[in-house]
Amino acid sequence: IFIGSPPLAFTFGLGGLALFPFRVGATGVLLEKAPPEELAAAIARHRATICFTAPTAYRVMAGLAAQHDLSSLRKCVSAGEALPKPVFEAWQDATGLRLMDGIGATEMLHIFIAAREEQIRPGATGLPVPGYVAKVVDEHGAEVPRGTPGRLAVQGPTGCRYLADPRQANYVQHGWNITGDTFVQDADGYFWYQARNDDMIISAGYNIAGPEVESALLTHPAVKECGVVGAPDGERGMVVRAYVVLHPGHAPDGAVREALQAHVKREIAPYKYPRSIVFLDALPRTETGKLQRFRLRDLT
């Protein structure tokens, strides 16, 4: 019994809630609306076994696990945005299940890098799905050494060009689909997400990946959710700016701001800490739960 939050108009939902259940003769539960609170209740009500949703929803549902019976779940797939390691760990602690991360693209139809449960490495996106090949390349299309950040390039049985659109010239290069994501491939072939190509923050000569800073912030008990972007700065070119939603009971004041900055310095590296922190009541998200970083950049 498949269930999830993405609309059928999105390829994540088309695959996870329509094509995949049809392929194996399973049931697909289609919910008119599926915010995390309603999705958790629907999982319990329908005794769903396979769930497709975004990391943000898994993070919220992990906190609701004591209120809803999620024991029917067997497999859980996360996509739509990068899966932070703290969310992976929170879901496993709450349900005993290991989230299967994946990256896909509308142009490629669905997920093309993921990992089977026994191959999961928390924090890594995974390995190419059988039938696909992927590599990390520089701006000229040449593969970079393992461990070096670069652009993700993919080939497989699916893929397309845009028609009558300026993006057409950029998406397919030298026969490879260039997804617009920055990745690192390790010595074992696993792909580790860094950021969208245009979300890399260059501050005083340092390359800083916003999602890495987000993952560090999410390990602080005061942080409910967050989004990190670059903000213009006359001295450094850009600085790391974090938009943070706090859990109830935590005041959006200077003391919390300093605590979060110190926490990031300890968790990753001092030069990556958010020099600017803005507290919000909610973050802008799409229908599928993906963080809309472009709207955060508009706030800068």
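Further up the page is the structure itself.
The text that follows walks through the structure, step by step, so that each part is easy to find. (Residues numbered from 1 in each chain as written. Predicted model: local features only at pLDDT ≥ 70, side-chain atom pairs only at ≥ 80, totals over all residues. Heavy atoms only, no water.)

1. Considering the sheet that holds strand S1 (residues 2–4)
And step 1. Pairing within the open sheet is mixed, and its six strands lie in the order S1-S2-S3-S4-S5-S6. With one partner strand each, in any of the chains shown, S1 and strand S6 (127–128) form the two edges of the open sheet.
And step 2. Note: strand S4 (residues 100–104) against strand S5 (residues 111–114), three bridges, orientation antiparallel. When the bridges of S5 are listed, Gly 102 appears paired with Ala 114.
And step 3. Here helix H2 (residues 36–46) sits on the sheet in contact with S1 and strand S2 (50–53), set at roughly 165 degrees to S1. (Pairing = 2+ DSSP bridges. Helix = DSSP H or I, 4+ residues; strand = E, 2+ residues; numbered from the N terminus. Contact = heavy atoms within 4.5 Å. Axes fitted to C-alpha atoms, helices over the stretch in contact; angles between N-to-C directions.)

2. Here we look at helix H6 (residues 210–218)
And step 1. Burial within H6 is extensive, with eight of its nine residues counted as buried.
And step 2. Every buried residue belonging to H6 is among Gly 210, Pro 211, Val 213, Glu 214, Ser 215, Ala 216, Leu 217 and Leu 218, and all of these are buried. (Buried < 20%, exposed > 50% of the residue type's maximum accessible area, 1.4 Å probe, protein only.)

3. Here we look at the packing of H6 against helix H7 (residues 254–267)
And step 1. One way to put it is that H6 packs onto H7 with a least axis distance of 9 Å and a crossing angle of 110 degrees. In terms of orientation, H6 and H7 fall into the roughly perpendicular class. Crossing handedness for the pair H6 and H7: right-handed. Along its contact with H6, which presents Val 213, Ala 216 and Leu 217, the element H7 presents Leu 260, His 263, Val 264 and Glu 267.
And step 2. Grouping the constituent residues of the contact of H6 with H7 by class yields five nonpolar, one polar and one charged. (Parallel < 35°, antiparallel > 145°, perpendicular 65-115°, else oblique. Left-handed = near helix turned anticlockwise from the far one by under 90°. Nonpolar A, V, L, I, M, F, W, Y, C, P; charged D, E, K, R; others polar.)

4. So, the pattern of salt bridges
And step 1. All chains considered together, the criterion is met by nine salt bridges.
And step 2. Two residues, Arg 285 and Glu 225, come together in a salt bridge whose shortest N-O distance is 2.9 Å. One end of the pair, Arg 285, is in the loop between strand S16 (276–279) and helix H8 (293–299); the other, Glu 225, is in strand S14 (residues 223–233), with 60 residues separating them in the sequence.
And step 3. Using a relative accessible area of 15% as the deciding quantity, one classes Glu 225 as buried.
And step 4. Bridged by salt links that share partners, the residues Glu 81, Glu 225 and Arg 285 form one connected network. (Salt bridge = Lys/Arg side-chain N within 4 Å of Asp/Glu carboxyl O.)

5. A word on the packing of helix H3 (residues 55–64) against helix H4 (residues 85–95)
And step 1. Interaxial distance between H3 and H4 falls to 9 Å at its minimum, and their mutual angle equals 40 degrees. Considering their axes alone, H3 and H4 lie oblique with respect to each other. Regarding H3 and H4, the two cross each other, and that crossing is left-handed. Each of Pro 55, Tyr 58, Arg 59, Met 61 and Ala 62 in H3 lies in contact with H4, whose residues at this interface are Val 87, Ala 90, Trp 91 and Ala 94.
And step 2. Along the lines of polarity and charge, the residues of the contact of H3 with H4 split into eight nonpolar, no polar and one charged.

6. Section: the environment of Ala 124
And step 1. Looking at where Ala 124 falls in the secondary structure, it is placed in the loop between S5 and S6.
And step 2. Once the C-alpha coordinates of Ala 124 and Gln 194 are considered, the two residues, 70 residues apart in sequence, prove to be 9.9 Å apart.
And step 3. Here Ala 124 is in contact with Asp 101, Tyr 190, Phe 191 and Trp 192, once residues within four sequence places are set aside.

7. Here's the deal with the sheet that holds S16
And step 1. If you trace the three strands from one edge of the open sheet to the other, you get S14-S15-S16, paired in mixed fashion. Only two strands of the sheet have a single neighbouring strand rather than two, namely S14 and S16. This sheet shows a mean twist of 25 degrees between the axes of neighbouring strands, independent of strand direction.
And step 2. Strand direction decides the pairing type here: strand S15 (residues 237–246) and S16, joined by four bridges, are parallel.

8. Focus: a nonpolar patch on the surface
And step 1. Residues Leu 19, Phe 20 and Leu 109 make up a contiguous nonpolar surface patch of roughly 240 Å² in combined accessible area.
And step 2. Relative to the assigned elements, Leu 19 resides in helix H1 (residues 11–24).
And step 3. Taking the relative accessible area as the measure of exposure, Leu 19 reaches 40% and is therefore partly exposed. (Patch = residues over 30% accessible without salt bridge, like charges linked within 9 Å, V, L, I, M, F, W, Y side chains within 5 Å. Areas by Shrake-Rupley, 256 points an atom, 1.4 Å probe, with all protein chains shown as cover.)

9. Points about the packing of aromatic side chains
And step 1. Within the structure shown, the criterion is met by eight aromatic pairs.
And step 2. Ring centres of Phe 20 and Phe 52 lie 6.1 Å apart, and the angle between their planes is 50 degrees; this geometry places the pair in the tilted category. Placement of the pair is Phe 20 in helix H1 and Phe 52 in strand S2, with a sequence separation of 32 residues.
And step 3. Looking at Phe 52, the relative accessible area reads 5%, which means it is buried.
And step 4. Grouping aromatic residues by their ring pairs yields a cluster made of Phe 2, Phe 12, Phe 20 and Phe 52. (Phe/Tyr/Trp six-rings, centres within 6.5 Å; stacked < 30°, edge-to-face > 60°.)

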